[in-house]
Amino acid sequence: MATDKAVETLTQDEAVQELARLAMILEDANSAYHRDDAPAISDAEYDRLKSRNMAIEARFPDLKRTDSPSDQVGAAPAEGFGKIPHRVRMMSLGNAFDAEEVAEFDTSIRKYLGLAPDAPLAYTAEPKIDGLSLSLRYENGTLITAATRGDGAVGENVTENAHTIADIPQRLSGAPDILEVRGEVYMSHADFKALNARQAAAGQKTFANPRNAAAGSLRQLDPGITRARPLRFFAYSWGEISSPLADTQMKALQRLSDLGFSTNPLTNRCADLDAMLAHYARIEQQRATLGYDIDGVVYKVDDLTYQARLGFRSTTPRWAIAHKFPAELAWTRLEAIDIQVGRTGALSPVARLTPVTVGGVVVSNATLHNEDYIAGRDAKGSPIRDGRDIRPGDWVQVYRAGDVIPKIADVDLSRRPDDAQPFAFPTLCPECGSEAIREEGDAVRRCSGGLICPAQAVEKLKHFVSRAAFDIEGLGAKQVEQFYRDGWITEPADIFTLKDRYGSGLQQLKNREGWGEKSANNLFEAIEEKRKIPLARLLFSLGIRHVGEQASNLLARSYGSWAEFEQAITAAAPLEGPEWERLLGIDGVGAVMAQSLVTAFAQEHERASIDRLVAHLDVQDAERPTSDSPVAGKTVVFTGTLEKMTRAEAKARAEALGAKVSGSVSARTDILVAGPGAGSKAKKAGELGIETLDEDGWLALIGDA
Ligand SMILES: NC(=O)c1ccc[n+]([C@@H]2O[C@H](COP(=O)([O-])OP(=O)(O)OC[C@H]3O[C@@H](n4cnc5c(N)ncnc54)[C@H](O)[C@@H]3O)[C@@H](O)[C@H]2O)c1
Ligand SMILES: [Zn+2]
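Just so it is clear, the model here is predicted, and its values are computed rather than measured.

1. Here we look at the overall build of the chain
Next up, step 1: Each helix and strand counted, the chain has 26 helices and 24 strands in total.
Next up, step 2: Relative to its full complement of 705 residues, the chain shows a buried share of 34%.

The following block contains the structure:
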């Protein structure tokens, strides 16, 4: 991607453009995150873009913008709040992502202060709380104002809201006349979970993580709302002050604690770099069981005289740095392994985890793939993770990237409980008790219960009503589960008799949770509409293993009608003979899929269930490609405006006639259909000597004119 071009290769002009682009993206991200408490991109992506911006500025110092994101802290106060100027600016923190960067931090401080590499220089190390910072101003021992960081210079007035937080003392005794205490407002995991449950029950917005919940709860125009939210506060710093608290960071924190503030118990004084990194490791180990989110460890020069000499850069103190945890990884405890049974009977192991925030999202479940994965082997029996198995009670490393399902990346044997037992993968289906069989060459163990297995039945029904299948409005996964539980629907055919059986009992449906007369009637209508179903959709809806959307399209086009398909597949049951050969001969149908399909139709119960379903349907024949069509096997490109049909229609029609439709012109293109406004593609086709038709010419060719 041009936008991700390496910084070293950017030209001056490209750098100007890229800095403008980054300034815009980062500004949007900042206001989404700091003002709306609803991040638009992940923290890792934000950090990546920000360091890219800094790298470009370092290479082209003259191009640095006056509104550079590097010079900004947070976001300006939001509308509606009173504004409070900070007498001492509120800062951000520089970041270190590994031990080497922490060492560089130490080296640069020594250089700045003129200290020898082995001269004593102590730091404090404490968790970096993942909440939002708050400044509390006390005058003569009374809390006068509370302000968020805002853009560092001006914050939002949240004084009334701060009065509702139990950890924040309203009065202090023995404090300096003027004392501005700074710290982090945060929400515990337990409170976060309970809040989201309450919000969901009340039909209100839920929060992605505890940080957003804390920020969204503190930054309320109505303090009554803040009062109802269980917020907490750790003090870790100060702003304006009429007399010093102490001469070291560590003692100043002690003083704040004596005054009645909560300070973090994991704060340590470290004599050197090794001690800092050791404390980092200790904090990282405890991360999952703290009960609140932290996203790194903050190191601060302990000696306050040194701090004063070191001072600040534009947005960060020189005397402190945040050593961040890797964004997409976190260690946590594996509490249990549950087995879920899917539509095709597959037994999938799911890790139940002590909740941990990874990349901004709370993770409490992760996939464990299959029994070999848990045992520390791949499908071929070779060791993975050096052969380490995963046991309930273990400490595991959770991995998450983008929107994919979280995975377990590793296991820490040094923290394995003495009584941890190897996981015994069930050989019986936990849902129906049928034997769970693992076939040769298959990584997955499957329940052999078929339709008697409630888990399979429900998953099959969910699949049946899904978007690419019957897609019945008002009948989603949730409704299907409800109907199944109540015994109203046990197989797809039941959907089409629902009205006959319960329509007069509409009263009954009406009285259920989530249903009214109107929604019930709408549902019956939506079901009626779907009796007429294209063959391809029907085949996909059956949920037969290995028969996906693509395969269903192939099969439908090849057999044309339900009657033809059903006879042919039944006749292929011996897995030999002409119909079997015909099935295997379809381009795109392999032996595995063919066998799965034929076996499903030969299976008595399965077949009876399919027949009951089809009896209620009006299955639409598929358009069969006419192999003698003049465009069969040709590659066609459409360009410009089509007047008699949409692009999608033109494409579908061409494909039904056996043509391949491509988006770009190349030497392999056979026909270009160019409507008015055709540009570069028409030119290229001309150069390549490719046959070019207008829309009417095309319709004449395919016999549709
Ligand atoms: N996803 C997004 O779109 C997005 C947008 C903006 C910012 N962010 C995230 O926020 C970070 C930048 O925000 P930032 O400027 O608040 O910096 P920061 O959160 O990295 O560090 C500064 C803050 O750390 C807090 N902190 C917590 N514990 C502390 C302690 N013990 N001592 C001192 N400070 C402590 C303070 O509130 C301070 O303001 C980015 O790294 C990114 O992860 C994400
Ligand atoms: Zn089962």
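Now that the structure has been shown, the text picks up again.
2. Quick word on the UniProt feature "binding site: Zn(2+)" (unreviewed entry) in the chain
Next up, step 1: Under the feature "binding site: Zn(2+)" (unreviewed entry), the UniProt entry names C429, C432 and C453. Spatial clustering of the annotated residues is evident: they stretch over 25 residues in sequence, but the largest pairwise C-alpha distance comes to 8.4 Å.
Next up, step 2: Examined against the element boundaries, C432 turns out to sit in the loop between β16 (407-412) and β17 (436-438).
Next up, step 3: Apart from residues lying up to four places away in sequence, C432 is in contact with C447, G449, I452, C453 and P454.
Next up, step 4: Here C453 shows up in the loop between β18 (445-447) and α12 (454-464).
Next up, step 5: Here C453 is in contact with V341, G345, C429, E431, C432, S434 and C447, once residues within four sequence places are set aside.

3. Considering the nonpolar core
Most often, soluble globular proteins keep nonpolar side chains buried together rather than apart.
Next up, step 1: In this structure, L535 and L539 are the most contacted members of the largest nonpolar core, which totals 51 residues.
Next up, step 2: Beyond its immediate sequence surroundings of up to four residues, L535 is in contact with A556, S561, W562, V619, Q620, D621 and A622.
Next up, step 3: L134, A147, A175 and L179 belong to the second-largest nonpolar core, a separate cluster that totals 40 residues.

4. Describing the site of ligand 1
Next up, step 1: Taken together, 25 residues form the shell around ligand 1, and within it A29, Y33, D43, S92 and S133 come nearest.
Next up, step 2: Contributing elements (two or more residues each) for the shell around ligand 1: α1 (12-35), α2 (43-59), β3 (123-129) and β8 (232-241).
Next up, step 3: With 4 residues, the single largest contributor to the shell around ligand 1 is α1.
Next up, step 4: When the residues that make up the shell around ligand 1 are grouped by side-chain class, the tally is 13 nonpolar, 6 polar and 6 charged.
Next up, step 5: Two domains each put at least three residues into the shell around ligand 1: domain 1 (2-72) and domain 2 (95-324).

5. Things to note about unusual backbone geometry
Next up, step 1: Phi at N140 takes a positive value of approximately 50°, unusual for a residue other than glycine.
Next up, step 2: Along the polypeptide, N140 turns up in the loop between β4 (132-139) and β5 (142-148).
Next up, step 3: What makes N140 partly exposed here is the crowd of 13 C-beta atoms within 10 Å.
Next up, step 4: Notably, H546 is not glycine yet its phi reads approximately 75°, a positive angle.

6. With respect to the pairing of strand β11 (residues 320-324)
Next up, step 1: Of all 5 residues that make up β11, 4 are buried, and the element is covered over most of its length.
Next up, step 2: Bridge count for strand β2 (residues 95-96) against β11 is 2 bridges, and the pairing is parallel. Residue pairing in the sheet places N95 in a bridge with A322 of β11.
Next up, step 3: As judged from the 5 bridges shared by strand β10 (residues 294-301) and β11, these two strands associate in the antiparallel manner. Its bridge partner lying in β11, K300 is registered against A320.

7. A few points about the sheet that holds strand β7 (residues 178-186)
Next up, step 1: One open sheet accounts for 4 strands, arranged β5-β4-β7-β8; its pairing is antiparallel. Of all strands in the sheet, those bounded by a partner on one side alone are β5 and β8. Mean inter-strand twist for the sheet, computed between neighbouring axes without regard to direction, equals 30°.
Next up, step 2: Sheet analysis places β4 next to β5, joined by 6 bridges and oriented antiparallel. Bridge pairing in β5 places L136 opposite A146.
Next up, step 3: Packed onto the sheet, helix α6 (residues 210-218) meets β4 and β7 and runs at close to 130° relative to β7.

8. A closer look at helix α22 (residues 591-602)
Next up, step 1: Its 12 residues place the ends of α22 16 Å apart at the C-alpha level, agreeing with the 16 Å of an ideal helix rising 1.5 Å per residue.
Next up, step 2: Here α22 has its buried residues at M593, A594, L597 and V598. Down the axis of α22, the sector holding all buried residues measures 125°, keeping them to one side. In α22, the exposed residues that point more than 90 degrees away from the buried face are A591 and V592.
Next up, step 3: Against the buried residues of α22 lie α19 (549-559), α20 (562-571) and α21 (578-584).

9. Concerning the packing of α1 against α2
Next up, step 1: Relative to each other, α1 and α2 sit at 145°, their axes nearing to 10 Å. Where α1 crosses over α2, the two elements pack in a sense that is left-handed. In this structure, α1 contributes A15, E18, L19, L22, I25, L26 and A29 to the contact, and α2 contributes Y46, L49, K50, R52, N53 and I56.
Next up, step 2: Tallied by class, residues from the contact of α1 with α2 come to 9 nonpolar, 1 polar and 3 charged.

10. What to know about the packing of α12 against helix α13 (residues 477-485)
Next up, step 1: The interhelical angle for the contact between α12 and α13, taken along N-to-C directions, is 140°, at an axis separation of 9 Å. Classified by the interaxial angle, the pair formed by α12 and α13 is oblique. Between α12 and α13 lies a crossing whose hand is right-handed. Counted together, A457, V458, L461 and K462 of α12 and A477, V480, E481 and Y484 of α13 form the full contact between these two elements.
Next up, step 2: A per-class count over the contact of α12 with α13 returns 6 nonpolar, no polar and 2 charged.

11. Quick notes on the sheet that holds strand β24 (residues 691-693)
Neighbouring strands of a sheet are bound in pairs by backbone hydrogen bonds; such pairs are parallel or else antiparallel.
Next up, step 1: Taken together, 4 strands build an open sheet; the order of strands is β22-β21-β23-β24 and the sheet is parallel. Because the sheet does not close on itself, it has two edges, and the strands there are β22 (660-662) and β24. Neighbour-to-neighbour, the strand axes of the sheet open up by a mean angle of 30°, direction not taken into account.
Next up, step 2: Two elements, strand β21 (residues 635-639) and strand β23 (residues 671-674), share 4 bridges in a ladder whose sense is parallel. Following the sheet pairing, T639 is matched in β23 by A674.

12. Focus: the confidence of the model for the chain
Next up, step 1: Mean pLDDT over the chain works out to 91, with 97% of the residues at or above the 70 mark.
Next up, step 2: Our summary of model confidence lists the complex with pTM equal to 0.66 and ipTM equal to 0.95.

13. Concerning helix α3 (residues 99-113)
Next up, step 1: Here α3 contains 15 residues, and its C-alpha end-to-end distance of 21 Å stays within 8% of the 21 Å for a straight helix at 1.5 Å per residue.
Next up, step 2: Buried within α3 are the following residues: V102, F105 and I109. Each buried residue of α3 sits inside an arc of 50° when the element is viewed along its axis, so together they form one side. Exposed positions of α3 whose direction lies more than 90 degrees from the buried face are E100, T107 and K111.
Next up, step 3: Contact partners of the buried residues in α3: β2, α9 (273-286), β10, α10 (304-310) and β11.
Next up, step 4: Just beyond α3, the residue with positive phi is G114, at close to 70°.

14. Topic: the pairing of β4
Next up, step 1: Summarising burial for β4: 6 of the 8 residues are buried, a large majority.
Next up, step 2: In the sheet, β4 pairs with β7 via 8 bridges, with the strands oriented antiparallel. Opposite S135, over in β7, you have R182 as the bridge partner.
Next up, step 3: Two successive antiparallel strands, β4 and β5, enclose a turn made up of 2 residues, where N140 displays a positive phi of approximately 50°.

Definitions and limits used
Residues numbered from 1 in each chain as written. Chains lettered and ligands numbered in written order. Predicted model: local features only at pLDDT ≥ 70, side-chain atom pairs only at ≥ 80, totals over all residues. Helix = DSSP H or I, 4+ residues; strand = E, 2+ residues; numbered from the N terminus. Buried ≥ 20, exposed ≤ 12 C-beta atoms within 10 Å, placed from the backbone. UniProt positions renumbered as here; feature names shortened; annotations may be inferred. Contact = placed C-beta atoms within 7 Å. Core = buried A, V, L, I, M, F, W, Y, C linked by C-beta atoms within 7 Å. Near = placed C-beta within 6 Å. Nonpolar A, V, L, I, M, F, W, Y, C, P; charged D, E, K, R; others polar. Domains from an automatic or database assignment. Pairing = 2+ DSSP bridges. Axes fitted to C-alpha atoms, helices over the stretch in contact; angles between N-to-C directions. Expected span 1.5 Å × (residues − 1). Arc of directions from axis to C-beta. Left-handed = near helix turned anticlockwise from the far one by under 90°. Parallel < 35°, antiparallel > 145°, perpendicular 65-115°, else oblique. pLDDT = per-residue confidence, 0-100.

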